[in-house]
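Each chain, letter by letter, is given below.
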Amino acid sequence: MNSNVDRLESSVKSIKDKLKKLKNEINEHNYLYHTLDTPQISDYQYDQLFQELLDLENSHPELITKDSPSQRTGSAPLDKFEKVEHKIPMLSLQNSYSPEDIFAFDERVKKVLGSDKNIDYMCEPKLDGLAIELIYEKGHFTRALTRGDGLVGEDVTLNVKTIKSIPLVLPMKNPPAVFEVRGEIVIHKKDFLNLNEEQKNQELEPFANPRNAAAGTLRQLDSKVAASRPLRVYAYAPGFTEGLSLESHVKFFEFLKSNTVPNLLDFKVRKNNLLKICKGPEDVVEHYHFIEKVRDSLDFEIDGMVIKVNDYQLQSELGFIARSPRWASAAKFKPEQVTTTVESIVIQVGRTGALTPVAIMKPVKVGGVTITHATLHNQSEIERKDVRVGDSVIVQRAGDVIPEVVEVVIKKRPKNTKAFQFPTHCPTCKEKAVKEDGEAVLRCVNILCPDIVQESLKHFVSKKAMNIDKLGEKIVQSLWDAKLVRKFSDIYKLKKTDLIDLERLGEKSAQNIITSINQSKEPTLAKFIFSLGIRFVGEQTAKALAKYYGNIDDFLKAQSDDLLKINDVGPKVVESITKVLQDPDFITEVKQIIKNGVTLKEVEMTSHTKMLDGLKIVVTGSFEKIDRNQIKEIIESHGGSSPSSVSKKTDYVLAGEAAGSKLEKAESLGVKVINWDEFQGLIQ
Ligand code: IVH
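This text gives an overview of the structure that appears in the document.

This next bit is on the nonpolar core. Tyr121, Ile132, Leu134, Val160, Phe179, Ile185 and Ile307 are the most contacted members of the largest nonpolar core, which totals 68 residues. Examining the composition of this core, we find that five residues originate from one element, helix α10 (residues 281–294), more than from any other.

With that out of the way, let us pick up the packing of helix α3 (residues 99–113) against α10. Two elements in contact, α3 and α10, have axes separated by 10 Å at closest approach and are oriented at 145 degrees. The element α3 and its partner α10 pack so that their crossing is right-handed. Between α3 and α10, the residues in contact are Pro99, Ile102, Phe103 and Asp106 and Pro281, Glu282, Val284, Val285, Tyr288 and His289, respectively. When its residues are assigned to classes, the contact of α3 with α10 shows seven nonpolar, one polar and two charged.

With that out of the way, let us pick up the environment of asparagine 174. By the element assignment, asparagine 174 lies in the loop between α4 (157–160) and β7 (178–186). Along the chain, asparagine 174 and valine 160 lie 14 residues apart, while their C-alpha atoms are 24 Å from each other.

So, about the packing of aromatic side chains. Two aromatic rings are characterised by how far apart their centres lie and by the angle between their planes. In the structure shown here, the tally under the stated rule is 15 aromatic pairs. Each ring, one from tyrosine 548 and one from tyrosine 549, has its centre 4.9 Å from the other, and the planes form 75 degrees; the classification is edge-to-face. Overall, tyrosine 548 belongs to the partly exposed group, its relative accessible area being 35%. Given a relative accessible area of 9%, tyrosine 549 falls into the buried group. Every member of this aromatic cluster is reached through a ring pair, and the members are Tyr136, Phe141, Phe179 and Phe255. Of note, arginine 486 hangs over the ring of tryptophan 480, and the distance from its end group to the ring centre comes to 3.9 Å.

For the rest of this paragraph, the subject is the side chain of asparagine 30. Along the chain, the position of asparagine 30 falls in helix α1 (residues 2–35). What makes asparagine 30 buried here is its relative accessible area of 3%. In contact with asparagine 30, other than residues within four places in its own chain, are Thr35, Tyr46, Arg72 and Lys164.

Evaluation of the coordinates by the stated rule reveals 30 salt bridges. Across the pair arginine 143 and aspartate 155 runs a salt bridge, and its minimum N-O distance is 3.1 Å. Highlighted residues: arginine 143 in strand β5 (residues 140–146) and aspartate 155 in the loop between β6 (152–154) and α4, separated in sequence by 12 residues. The network of salt bridges with common partners includes Asp386, Arg388, Asp391 and Arg413.

Along the chain, aspartate 79 turns up in the loop between α2 (43–59) and β1 (83–85). In the structure, aspartate 79 is positioned 32 residues away from lysine 111 in sequence and 50 Å away in space, judged by C-alpha atoms.

Turning to the sheet that holds strand β8 (residues 232–242), a few remarks are in order. One open sheet accounts for four strands, arranged β5-β4-β7-β8; its pairing is antiparallel. One side of each edge strand has no neighbouring strand; the edge strands of this open sheet are β5 and β8. Adjacent strand axes in the sheet meet at a mean angle of 25 degrees, parallel and antiparallel pairs treated alike. Pairing between β7 and β8: eight bridges, direction antiparallel.

Before going further, it helps to examine the site of the ligand. Close to the ligand lie 14 residues, the nearest being Leu93, Glu124, Glu184, Tyr236 and Lys308. Here proline 125 contributes a backbone N or O atom positioned 3.1 Å from a nitrogen atom of the ligand. Lysine 308 has a polar side-chain atom sitting 3.0 Å from a nitrogen atom of the ligand. Bound to the protein, the ligand loses 87% of the 520 Å² it would expose on its own. Comparing atom positions with the cavity grids shows the ligand to sit within the second largest pocket. Looking at the shell around the ligand, the elements with two or more residues in it are β3 (120–127) and β10 (302–309). Per-element tally for the shell around the ligand: the top contributor is β3, with four residues. Class assignment of the residues belonging to the shell around the ligand gives a composition of nine nonpolar, one polar and four charged.

Cut-offs applied
- Residues numbered from 1 in each chain as written.
- Predicted model: local features only at pLDDT ≥ 70, side-chain atom pairs only at ≥ 80, totals over all residues.
- Heavy atoms only, no water.
- Core = buried A, V, L, I, M, F, W, Y, C linked by side-chain atoms within 4.5 Å.
- Buried < 20%, exposed > 50% of the residue type's maximum accessible area, 1.4 Å probe, protein only.
- Helix = DSSP H or I, 4+ residues; strand = E, 2+ residues; numbered from the N terminus.
- Axes fitted to C-alpha atoms, helices over the stretch in contact; angles between N-to-C directions.
- Left-handed = near helix turned anticlockwise from the far one by under 90°.
- Contact = heavy atoms within 4.5 Å.
- Nonpolar A, V, L, I, M, F, W, Y, C, P; charged D, E, K, R; others polar.
- Phe/Tyr/Trp six-rings, centres within 6.5 Å; stacked < 30°, edge-to-face > 60°.
- Lys NZ or Arg CZ within 6 Å of the ring centre and 35° of its normal.
- Salt bridge = Lys/Arg side-chain N within 4 Å of Asp/Glu carboxyl O.
- Pairing = 2+ DSSP bridges.
- Near = heavy atom within 4 Å.
- Polar contact = N/O pair within 3.5 Å; in protein donor to acceptor, adjacent residues only side chain to side chain.
- Areas by Shrake-Rupley, 256 points an atom, 1.4 Å probe, with all protein chains shown as cover.
- 1 Å grid on protein atoms, 1.4 Å probe; cavity = no way out; pocket = protein on both sides within 12 Å on 5 of 7 lines; lining within 4 Å.
- Sits in = over half its atoms within 2 Å of the grid points.

Dropping the structure here:
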């Protein structure tokens, strides 16, 4: 009897140990991937580890802990967020805009401290996102609160838990009883563009800028939404702590770094020396100019620099006034807005038929880039802002990327301007435009409208779709004008002579286009489905469809009850897919594309081999036939991984034309360098 109990106990112990090991391993890979950007295993290998964890937890649900990586996603939607008081109020910073203000701040600090010695200031980027407080109790992540009104915040734990770079457990032996850490939730500029692209594909309103997108995401009661959005967090200050004493801000960052909490130091780790201890105000001003100079080249949005007294003892001597600390100040940058005039307003017809008003403006420079066009979104936006031809307008690059009209300078409005009359018909095919139920957008619904077809062709050849990179917009336009390409399948009938004759392109460019078309002939099923431009079928939905159906024939026979079983496919998407699949012209066209030479890889997972199992191959330089992202996909599909930087652990560096510092590093570390042909040899 006793020995049975013993055996049972020891088997539970061994499962617990296995779970612990798996969780630690997954946490370590999350940190390498999401915080340091240096993955050491392929996505495939990561998925396998994760699956192993899920399987083990499934058979032993009693052993699932709240901090298991499996518990980051998939919680049931909340009715509302709970309000929770902050242990220490989350204050705001006093803003200043000029070097003189920086000197004045330094003077004030010295006066209160009664010292005339130079003070050490930590200068940091001021991230443009939203404030968050992460709470760790005995080393376990227990709660995340928004700033709220500074005294009481909202409990957004389930949403924040989906951010994979946040450790759910601090990897330390004797964690403090309580460790609260504050930081900013942001979305990187590149992720923001992808997110808006995905919004567009699903015909949802784009977000105005990364901050709005991050704020909108955090406010969602369904944490699955947050799980699908590219949120990141960077910690910048301690909150309440118990059982931990930190002497200075520098020490605070060191503590975070050694406990894998993503923080402002990560920027330094990556490439920028954004964080600096400055000795006195002159140094601070110099760093302010430096950050302002590199602002546009950063991966994320910032709106200024924060200056903090480094020594925490001095910080507490300085204390607070009203709602701001005396030991810190925000030196903001001037907003990147300028004034220009609207020369005309045109209506663009998009791939889904949406009529979008666009202001064409007198060219003007914003943040180092000349802009001439700004979107006015839709009919209600243009009416709300009342933008007219001839108006002076303030424009900004929202998200530092998409130019947008902020407002009209009414005082400067010339006499006799007229409110813009939104057309009732498509400006291109002249068919009557319609507004669908509950939509703000007026649409052309003529599927043969030349603009819609041309935009669909551009989508078809785009990078995330068939990726025919040499068929740029201008060439698609000329092929259209020459009536050579009127539907997707025509692309795969093109001959070199067609291009030379009609484009007056050189022999070499024509050949490049043909090569690029040929290289696109083996897409994954997901990319192919995405390329077809079915309404509401974005990249993610296409992936889910490909995974579910596995091959194109089954997809073409999809029925609504089956489609509804797929995660993330809602009724709107089902309706759109079944509608298009009932259209005989659509089915004929898909079959024609395949007849013209496109062969589909069956579902991605099945094509994996183990040829590169566990190998770390860094790809650098450019390659004649293929781009680096495609090579990375090949490496991963064979079980390898492709970290972005070279280290001693790198197995190979695959070097193309004009390979630079990574090649040098490989040589200095004695890492084997291979060329394209040698790489091919590895996977044959
Ligand atoms: S320190 C006592 N550091 O700026 C205030 N704040 O008004 C402690 N912010 O909404 C804040 N980057 O979320 C600090 N490096 C940084 C920051 C930063 C952005 C935000 C913060 C708050 C606002 C301050």
